[in-house]
Amino acid sequence: MKLYSLSVLYKGEPKAVLLKAAYDVSSFSFFQRSSVQEFMTFTSQLIVERSAKGTRSSVKEQEYLCHVYVRNDSLAGVAIADNEYPSRVAFTLLEKVLDEFSNQVDKMDWPVGSPATIHYAALDGHLSRYQNPREADPMSKVQAELDETKIILHNTMESLLERGEKLDDLVSKSEVLGTQSKAFYKTARKQNSCCAIM
């Protein structure tokens, strides 16, 4: 899971204005980084221009997802990530960033702002913190723990079933157990089989 870009824009008429952006292009070769960054800026502006106010959407481009949130006050956020990055976490991040941005930057500066004139330093911190959505988002952390518990429980049940099958073999081969004990075991096994987990 990788988060490549986080941008705050103003949806003007007819163009979107980039107010602030943070990028993580370290996974690209050194010579491609500036081109990739320019393309992410272009894509972010284009998506905001074509999105209606008050909407959230995700646009897929090859193995990337562009998550966009345009508020009714024309402030917009775009997060560009890979396909594996959870959409819910991306939109939670965008909402948090836009709320912080609107509290710290005067609304009068939005239509005429630029990355050089807007003073909002939290984007880089959010970009690095949200690289691992499980650590940044409590809901994702709980979901991951539930998934791990489910896997452990499933493996435990499989090993119990394997042990049960081996126990059947041992009972049938046993010379020490009497016929009455073997009959009791088989009856108990049949009674318990109605509750087997598939």
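Residues numbered from 1 in each chain as written. Predicted model: local features only at pLDDT ≥ 70, side-chain atom pairs only at ≥ 80, totals over all residues. Heavy atoms only, no water.

- Per an unreviewed UniProt entry, the protein is named Synaptobrevin homolog YKT6, and its organism is Daubentonia madagascariensis.
- If you open the UniProt record of the protein and go to Sequence similarities (unreviewed entry), you find "Belongs to the synaptobrevin family."
- The annotation that UniProt attaches to the protein under Subunit (unreviewed entry) is "Identified in 2 different SNARE complexes; the first one composed of GOSR1, GOSR2 and STX5 and the second one composed of BET1L, GOSR1 and STX5." (UniProt positions renumbered as here; feature names shortened; annotations may be inferred.)

**Some remarks on the pattern of salt bridges**
And then number 1: Applying the stated rule across the entire model yields four salt bridges.
And then number 2: Across the pair Asp24 and Lys2 runs a salt bridge, and its minimum N-O distance is 2.7 Å. With a gap of 22 residues between them, Asp24 in the loop between strand E2 (16–23) and helix H1 (33–49) and Lys2 in the segment before strand E1 (3–11) connect regions that are remote in the sequence.
And then number 3: Residue Asp24 is classed as buried on the basis of its relative accessible area of 17%.
And then number 4: Take Lys2: its relative accessible area is 18%, and that puts it in the buried class.
And then number 5: One salt bridge in this structure joins Arg71 and Asp99, with 3.1 Å as the shortest N-O distance. Of this pair, Arg71 sits in the loop between strand E4 (64–70) and strand E5 (75–82) while Asp99 sits in helix H2 (residues 87–104), and the two are 28 residues apart along the sequence.
And then number 6: Overall, the relative accessible area of 12% leaves Arg71 in the buried class.
And then number 7: Residue classification places Asp99 among the partly exposed positions, given a relative accessible area of 36%.
And then number 8: A single salt-bridge network, built from bridges that share partners, covers Arg71, Asp73 and Asp99. (Salt bridge = Lys/Arg side-chain N within 4 Å of Asp/Glu carboxyl O. Helix = DSSP H or I, 4+ residues; strand = E, 2+ residues; numbered from the N terminus. Buried < 20%, exposed > 50% of the residue type's maximum accessible area, 1.4 Å probe, protein only.)

**Description of the pairing of E5**
And then number 1: E5 sits mainly inside the fold: eight of its eight residues count as buried.
And then number 2: In this structure, E1 lies alongside E5, joined through seven bridges in antiparallel fashion. Counterpart to Tyr10 in the pairing with E5 is Leu75.
And then number 3: Across seven bridges, E4 lies against E5 in antiparallel orientation. Looking across to E5, one finds that Leu65 is bridged to Ala81. (Pairing = 2+ DSSP bridges.)

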